[in-house]
Amino acid sequence: MAIAQDGRFVRRIQLRTPITAHDDHHPFDIPAVQALAAGLDLAPGVTFLVGENGSGKSTLVEALAVACGFSAEGGSQNLRFATRPTHSDLHTRLVVTRGRRRPRTGFFLRAESFYNVLTALEELDAQPSPSPPLMPVYTGGRAGSLHERSHGESFWDLLINRFGPSGLYLLDEPEAALSPTRQLAALRRIHDLCRDGGQFVIATHSPLLLALPGASILLLDERGITAASYDDLPMVRLYRGLLANPDGIMGELLADDDDSA
Ligand SMILES: Nc1ncnc2c1ncn2[C@@H]1O[C@H](COP(=O)(O)OP(=O)(O)O)[C@@H](O)[C@H]1O
Ligand SMILES: [Mg+2]
């Protein structure tokens with residue numbers, strides 16, 4: 001993937017102080033968080049975070065987002081709101097090494113709270129203000145609110161209308177809303193935004209998004225955080241095996257049920 005410059009806004013994240021015996025609580029019990037004691041370099045362009053449920057992907061993306069000035073529930077850096085504070089205090093322990101350039105724009109997307117982001121935007125627009133309303137920036141000028149679009153459509157509108165060049169984008173499972181076709185279109189959009197000087201950190205389970213050439217893939221597991229190649233990812237092997245031989249894999253998976261039938 002062609003990257004405009006060394007377009008990193010975030011070069012490295014590291015725990016400010018080592019983990020001690022006092023850190024025997026969430027989130028310091030997560031191996032991927034413990035691994036931050038040694039520091040983690042982020043690549044230019046796209047860094048994917050992959051791993052099983054509970055491996056710490058959301059914890060890491062969220063802490064990075066809050067450390068970079070985003071609201072813990074998502075949105076742009078200008079949007080301050082909180083409906084239910086559930087985020088860890090990991091961000092207070094993180095040192096974020098920034099690049100020479102500052103992002104011109106940015107967005108933190110959490111699939112599960114995107115709805116709340118849109119509600120916060122509507123509420124801001126309903127208040128008297130000399131500034132122009134925000135929602136048209138998200139809808140691409142179309143009348144109405146993104147609440148009137150499907151989850152996938154509203155995320156797609158966000159990606160096309162609100163995301164722009166030289167942005168820092170932190171996305172937690174963006175595929176949740178998108179059809180496979182739209183995921184590939186999103187991949188193309190992400191590629192173009194990186195070419196225009198953007199940086200992405202994306203937690204994902206999507207083998208479609210992960211196929212983006214040139215992206216860095218970090219696997220979070222019981223060992224901590226390790227660089228991984230697409231072909232070696234356990235989930236990619238799983239999908240390949242299933243798609244090549246669905247009957248065989250289902251036979252194995254459901255063997256007990258079949259036996260007892
Ligand atoms: N507020 C919390 N208090 C205690 N444990 C939590 C809290 N939030 C998440 N966890 C735990 O932290 C671990 C990592 O969670 P998370 O970062 O959401 O994983 P992932 O996004 O990789 O599925 C999980 O085991 C989860 O149960
Ligand atoms: Mg998660």
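This report concerns the structure included in the present document.

### Overview of the state of the cysteines
Working step 1: Inspection of the entire model under this criterion finds zero disulfides.
Working step 2: Not part of a disulfide, Cys 68 finds its nearest cysteine sulfur in Cys 194, a span of 16 Å.
Working step 3: For Cys 194, a relative accessible area of 0% gives the class buried.

### Re the side chain of Arg 162
Working step 1: The residue Arg 162 is located in helix α5 (residues 151-162) in this model.
Working step 2: Buried and unpaired, Arg 162 has Asp 125 as its nearest opposite-charge partner, separated by 11 Å.
Working step 3: Looking at Arg 162, its side chain comes within polar contact range of the side chain of Thr 105, at 2.9 Å.
Working step 4: Filtering out sequence-adjacent residues up to four positions away, Arg 162 remains in contact with Ser 76, Thr 105, Gly 106, Phe 107, Val 137, Tyr 138 and Asp 157.

### Quick word on the packing of helix α7 (residues 234-244) against helix α8 (residues 246-253)
Working step 1: With their axes 5 Å apart at the nearest point, α7 and α8 run at an angle of 110° to one another. Compared by their axis directions, α7 and α8 come out roughly perpendicular. Across the interface between the two elements, Gly 241, Leu 242, Leu 243 and Ala 244 of α7 pack against Pro 246, Ile 249 and Met 250 of α8.

What counts, and where the lines are drawn
- Residues numbered from 1 in each chain as written.
- Chains lettered and ligands numbered in written order.
- Predicted model: local features only at pLDDT ≥ 70, side-chain atom pairs only at ≥ 80, totals over all residues.
- Heavy atoms only, no water.
- Disulfide = S-S within 2.5 Å.
- Buried < 20%, exposed > 50% of the residue type's maximum accessible area, 1.4 Å probe, protein only.
- Helix = DSSP H or I, 4+ residues; strand = E, 2+ residues; numbered from the N terminus.
- Lys, Arg positive; Asp, Glu negative; His and termini not counted.
- Salt bridge = Lys/Arg side-chain N within 4 Å of Asp/Glu carboxyl O.
- Polar contact = N/O pair within 3.5 Å; in protein donor to acceptor, adjacent residues only side chain to side chain.
- Contact = heavy atoms within 4.5 Å.
- Axes fitted to C-alpha atoms, helices over the stretch in contact; angles between N-to-C directions.
- Parallel < 35°, antiparallel > 145°, perpendicular 65-115°, else oblique.

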